[in-house]
Amino acid sequence: MTTSNPDYHLETRLVHEGHERTPFGETSEALFLTQGFVYESAESAERRFLNEEPGSSYTRFSNPTVTAFEERMASLEGAEAARATATGMAAVTAAMMGQVQAGDHVVAARALFGSCRWVVEDLLPRFGVACTLVNGPNLDEWRKAVRPETKAFLLETPANPSLEIIDVAGVAAIAREAGATLTVDNVFATPLFQRPLGLGADCVVYSATKHIDGQGRCLGGVILASTEFIETKVQQFLRMTGPTISPFNAWVLLKGLETLTLRVERQTASAGFLANALHDHPKLRRLTYPGRPDHPQAELICRQMNGGSTMIALDVEGGKEGAFRFMNALRLICISNNLGDAKSLVTHPATTTHQRFAPELRAEMGIPDGLVRLSVGLEHREDLLADLGQALERV
Ligand SMILES: *Cc1c(COP(=O)(O)O)cnc(C)c1O
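Treat the numbers as computed from the prediction; the structure is a model and nothing was measured.

So, how was this worked out
- Residues numbered from 1 in each chain as written.
- Predicted model: local features only at pLDDT ≥ 70, side-chain atom pairs only at ≥ 80, totals over all residues.
- Heavy atoms only, no water.
- Helix = DSSP H or I, 4+ residues; strand = E, 2+ residues; numbered from the N terminus.
- Rg over C-alpha atoms; globule rule 2.2 N^0.38 Å.
- Buried < 20%, exposed > 50% of the residue type's maximum accessible area, 1.4 Å probe, protein only.
- Axes fitted to C-alpha atoms, helices over the stretch in contact; angles between N-to-C directions.
- Left-handed = near helix turned anticlockwise from the far one by under 90°.
- Contact = heavy atoms within 4.5 Å.
- Nonpolar A, V, L, I, M, F, W, Y, C, P; charged D, E, K, R; others polar.
- Domains from an automatic or database assignment.
- Buried area = accessible area lost by both parts, 1.4 Å probe.
- Salt bridge = Lys/Arg side-chain N within 4 Å of Asp/Glu carboxyl O.
- Near = heavy atom within 4 Å.
- Polar contact = N/O pair within 3.5 Å; in protein donor to acceptor, adjacent residues only side chain to side chain.
- Areas by Shrake-Rupley, 256 points an atom, 1.4 Å probe, with all protein chains shown as cover.
- 1 Å grid on protein atoms, 1.4 Å probe; cavity = no way out; pocket = protein on both sides within 12 Å on 5 of 7 lines; lining within 4 Å.
- Sits in = over half its atoms within 2 Å of the grid points.
- Expected span 1.5 Å × (residues − 1).
- Core = buried A, V, L, I, M, F, W, Y, C linked by side-chain atoms within 4.5 Å.
- Points joined across faces, edges and corners; volume = space filled by probe spheres on them.

## Here's the deal with the overall build of the chain
Okay, so step 1: On a plain count of helices and strands, the chain comes out with 15 helices and 12 strands.
Okay, so step 2: The globule rule puts the C-alpha radius of gyration for 395 residues at 21 Å, and the 22 Å found for the chain is close to it.
Okay, so step 3: On the principal axes, the C-alpha backbone points of the chain span a range of 75 × 50 × 35 Å.
Okay, so step 4: Within the chain, the fraction of its 395 residues that count as buried is 54%.

Dropping the structure here:
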């Protein structure tokens, strides 16, 4: 028996949901680090393959530790079903590939995580699926991009790294009218601060590598949707192509979920503190933070999010040279391309994650050469402020 109960508060479910104890009565979730499973009889194996008997047969199809992680994620997101994947990119790729075939058309927001944009802009067209990229915040562009063969929409909000916001309910309504589905990459908002399914989206994808692990240990991804969506669009693709998460990683991620609220709430509070403290700094051309009332889309943020973000976008004076000087002067905060970690990290998107885009395309995506993306970790906020302050002085 699992200890799940939908009436429990989120924090309680994040500690207990999906936990099915073995006869050994272990306190923590059991780790089933096994490729396969054995059967009591040949008849039992036959029934398992006919789906007439519950239980796992092979870890590419299902595994009890992975299932526990999926159940906890579904509870967190308010989704009927979840499937875990090896990485966030495996989740995005499976969610999109699973929905389309040659002749179909996809509409996606231009400001996407670099690899997500490659999937829709480069990979799907190789298989005869056309793609139109739009300026996400402009609902008219989504409406105008729709064609009779449009099957799926994809967006990310807040966007990486510009922290620009897209109206999820507005885009979902356009998708519904077009007979298409909407998939939202919810990594930057985290499951705590934005519920795309509640706003009308059909599918939510996460890189669990980020806040869900939250301590920089392992990669993972999740797809969340209705049971019907998972069973008709995603399940077969995952089982047959095999972007399976290791049970070990699912076990680490289960552990991450136990402390998700504590970590994300603290990191968001620190990010808000740093954004307020640095906002008028003379070495910053601009500071963008979704929790501040001066964010250009503050009203929309109030409507669709119930928290700020662990991320801050800093446009440092002096372009790339200024940004590099700032980053190299940091003593505590590390240079990395990851985010959502317990350790505070900075990234220069123009030369790393978004390097492959021409300068005009980067400008379109809201990525000036001076932009530094800061992922706020769990260090004491005064230590972080001191480090950022001394590094900005060196610009
Ligand atoms: C990191 C990230 C991904 C990809 O996740 P991986 O786990 O690295 O494969 C996708 N979307 C967003 C917004 C991300 O930040």
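## Re the packing of helix H3 (residues 64-77) against helix H10 (residues 247-258)
Okay, so step 1: Interhelical geometry of H3 versus H10 gives an angle of 35° and a closest axis separation of 8 Å. Of the two possible hands of crossing, H3 and H10 adopt the one that is left-handed. On H10, the residues that touch Thr 65, Val 66, Ala 68, Phe 69, Arg 72, Met 73 and Leu 76 of H3 are Pro 247, Ala 250, Trp 251, Leu 253, Leu 254, Leu 257 and Glu 258.
Okay, so step 2: Each residue belonging to the contact of H3 with H10 can be placed in one class, and the counts come to 11 nonpolar, one polar and two charged.

## Some details on the domain arrangement of the chain
Okay, so step 1: Taken domain by domain, the chain consists of domain 1 (10-30 + 63-258) and domain 2 (261-392).
Okay, so step 2: Computed from C-alpha coordinates alone, the two centres of domain 1 and domain 2 are separated by 24 Å.
Okay, so step 3: Domain 1 puts 41 residues into the contact, and the matching count from domain 2 is 39 residues.
Okay, so step 4: For the pairing of domain 1 and domain 2, the buried interface totals around 3200 Å² over both sides, and the portion due to carbon and sulfur atoms is 58%.
Okay, so step 5: Viewed at the interface, domain 2 and domain 1 are joined by two salt bridges.
Okay, so step 6: For the salt bridge of Asp 167 with Arg 303, the shortest nitrogen-to-oxygen distance reads 3.9 Å.
Okay, so step 7: In terms of residue class, the side of domain 1 that touches domain 2 is built from 20 nonpolar, 12 polar and nine charged.

## A few points about the site of the ligand
Okay, so step 1: Taken together, 14 residues are adjacent to the ligand, and Met 89, Asp 185, Ser 207, Thr 209 and Lys 210 come closest.
Okay, so step 2: The separation between a nitrogen atom of the ligand and a polar side-chain atom of Asp 185 is 2.6 Å.
Okay, so step 3: Contact between the ligand and Ser 207: an oxygen atom at 2.8 Å from a side-chain N or O atom of the residue.
Okay, so step 4: Protein contacts shield 91% of the accessible area of the ligand, which totals 380 Å² for the unbound molecule.
Okay, so step 5: A molecule is said to occupy a pocket when more than half its atoms come within 2 Å of that pocket's grid points, and by this definition the ligand occupies the second largest pocket.
Okay, so step 6: Grouping the constituent residues of the shell around the ligand by class yields six nonpolar, five polar and three charged.

## Here's the deal with H3
Okay, so step 1: Look at H3: 20 Å from first C-alpha to last across 14 residues, which is about the 20 Å you get at 1.5 Å a residue.
Okay, so step 2: Counting buried residues along H3, 11 of its 14 residues qualify, which places the element largely inside the surrounding structure.
Okay, so step 3: Looking only at H3, the buried set comprises Thr 65, Val 66, Ala 68, Phe 69, Glu 70, Arg 72, Met 73, Ala 74, Ser 75, Leu 76 and Glu 77.
Okay, so step 4: Taking the backbone nitrogen of Thr 65 as reference, a side-chain oxygen 2.8 Å away marks Asn 63 as the first, capping residue of H3.
Okay, so step 5: At the exit of H3 stands Gly 78, carrying a positive phi of roughly 70°.

## Digging into the nonpolar core
Okay, so step 1: If you look at the biggest cluster of nonpolar residues, it comprises 33 residues, and the most contacted ones within it are Phe 69, Met 73, Ile 212, Val 222, Leu 224 and Leu 257.
Okay, so step 2: A per-element tally of this core places H3 first, with six residues.
Okay, so step 3: Here this core gathers at least three residues from each of two domains, domain 1 (10-30 + 63-258) and domain 2 (261-392).
Okay, so step 4: When neighbours within four sequence positions are excluded, Ile 212 is seen to be in contact with Phe 69, Met 73, Tyr 206, Leu 253, Gly 256, Leu 257, Leu 260 and Arg 263.

## Concerning the pattern of salt bridges
Okay, so step 1: All told, the structure shown has 14 salt bridges when counted by the stated rule.
Okay, so step 2: The salt bridge partner of Arg 47 is Glu 53, with a shortest N-O separation of 3.0 Å.
Okay, so step 3: Among the residues examined, Arg 47 registers a relative accessible area of 35% and is labelled partly exposed.
Okay, so step 4: The residue Arg 292 makes a salt bridge to Asp 294 at a minimum N-O spacing of 3.1 Å.
Okay, so step 5: Classification of Arg 292 as buried rests on a relative accessible area of 16%.
Okay, so step 6: The network of salt bridges with shared partners includes Arg 47, Arg 48 and Glu 53.

## As for empty space enclosed by the protein
Empty space left among the atoms is revealed by rolling a probe the size of a water molecule over them.
Okay, so step 1: Here the structure, examined in full by the defined rule, presents one cavity of 30 Å³ or more.
Okay, so step 2: As a volume, the largest cavity reaches approximately 30 Å³.
Okay, so step 3: As for the largest cavity, its lining consists of Val 187, Thr 190, Pro 191, Tyr 206, Ser 207, Lys 210, His 211 and Ile 212.
Okay, so step 4: Those elements that provide at least two residues to the lining of the largest cavity are helix H8 (190-193) and strand E6 (203-207).

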